[in-house]
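What follows is the residue order along each chain.
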Amino acid sequence: MKLDFWQVTDDPVEKVVALIAKRALGQGERVLVVAGDAEQRAAISRALWEGGSESFLANGEADAPGADRQPVLLAAEPVAVNGASHVILADGTFRDCPGFSRVFLLFPPDLAPAARQAWRAQDGREGVERSYFAQADGRWVKKG
C-alpha cells in the first residue's frame, strides 16, 4: 500500500481532493473520500461538481442510492461500497485503511503533530510505502 501524507497549506482541502481524485480517475481507479463532518463532505462534493463542464467529477454520498456506482464516493468512514482502490482522508484524521492500494492523508499545519505520530506508527510495517508532500509556491513537492 502506498501511504501519502499531504500537508495542505496553500489551497483549500476541497481543491486538493479534486486534484487527487481527477488523477486517480484518469488512471482508471475509483476513489473514496473520508471526512467525519457532513458539512466538509458537502463542500468537497460541490468542489468536485464545479470543476467545469469538461472536468467535473461525479460523486455521491455513501448512504445515497446508487453509491456503489459512484466513481468518487464521500463517506464518514473508510468503507468503499463503490470498490474504490484509493482513499483520501480529507479531514486530517488518520485511520487504518486495509484493502486500499493507496491512502492519502490530507492535513493542515495544526494537525501536523498527529500526522507525524501516524507516520511513525507505520515504521517497519511490511508492504507500506510512505511519502510526504508539502506545498511550496503553489506546487506540490515531495519531501520524504
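Scroll up to find the structure.
Residues numbered from 1 in each chain as written. Predicted model: local features only at pLDDT ≥ 70, side-chain atom pairs only at ≥ 80, totals over all residues. Heavy atoms only, no water.

Enquirer: Could you give an account of the overall build of the protein, naming the residues involved and the relevant values?
Expert: Scanning the protein from N- to C-terminus turns up 3 helices and 8 strands. Sequence-ordered secondary structure for the protein, helices as α and strands as β, is β-α-β-α-β-β-β-β-α-β-β. For 144 residues, the compact-globule estimate of 2.2 N^0.38 gives 15 Å, and the C-alpha radius of gyration of the protein, at 14 Å, lies within 12% of that figure. Its C-alpha atoms give the protein principal-axis dimensions of roughly 40 × 35 × 30 Å. Taking all 144 residues of the protein together, 43% fall into the buried category. Taking contacts inside the protein between residues at least 6 apart in sequence as the whole, the part at least 24 apart equals 59%. Accessible surface for the protein amounts to roughly 7,500 Å². Of this, 49% is attributable to carbon and sulfur atoms. Each charge class in the protein can be summarised by its mean position, and for the 17 positive and 20 negative side chains these summaries are 6 Å apart. (Helix = DSSP H or I, 4+ residues; strand = E, 2+ residues; numbered from the N terminus. Rg over C-alpha atoms; globule rule 2.2 N^0.38 Å. Buried < 20%, exposed > 50% of the residue type's maximum accessible area, 1.4 Å probe, protein only. Contact = heavy atoms within 4.5 Å. Areas by Shrake-Rupley, 256 points an atom, 1.4 Å probe, with all protein chains shown as cover. Lys, Arg positive; Asp, Glu negative; His and termini not counted. Charge placed at Lys NZ, Arg CZ, Asp CG, Glu CD.)

Enquirer: Describe the pairing of strand β8 (residues 139–142), naming the residues involved and giving the relevant values.
Expert: Summarising the sheet, strand β7 (residues 129–136) and β8 pair through 4 bridges and their orientation is antiparallel. In the sheet register, alanine 136 faces β8, and the bridge partner there is arginine 139. (Pairing = 2+ DSSP bridges.)

Enquirer: Explain the pattern of salt bridges to me, and be specific about the residues and the numbers.
Expert: Taken as a whole, this structure holds 6 salt bridges when the rule is applied. Between aspartate 4 and arginine 102 there is a salt bridge whose closest N-O contact spans 2.5 Å. A residue pair is termed long-range when its members are at least 10 positions apart, and aspartate 4 in strand β1 (residues 2–7) and arginine 102 in strand β6 (residues 102–107) qualify at 98 residues. On the basis of relative accessibility, which here comes to 1%, the residue aspartate 4 falls in the buried class. Here aspartate 96 and arginine 125 are joined by a salt bridge, their closest N and O atoms 3.3 Å apart. Placement of the pair is aspartate 96 in the loop between β5 (86–89) and β6 and arginine 125 in the loop between α3 (112–121) and β7, with a sequence separation of 29 residues. On the basis of relative accessibility, which here comes to 35%, the residue arginine 125 falls in the partly exposed class. (Salt bridge = Lys/Arg side-chain N within 4 Å of Asp/Glu carboxyl O.)

Enquirer: Summarise the sheet that holds β8; cite the residues concerned and give the values.
Expert: Ordered in space as β3-β4-β2-β5-β6-β1-β7-β8, the 8 strands form an open sheet in which the pairing is mixed. Looking at strand neighbours, the two that pair on one side only are β3 (59–61) and β8, the edges of this open sheet. Recorded for the sheet is a direction-independent mean angle of 20° between the axes of neighbouring strands. (Axes fitted to C-alpha atoms, helices over the stretch in contact; angles between N-to-C directions.)

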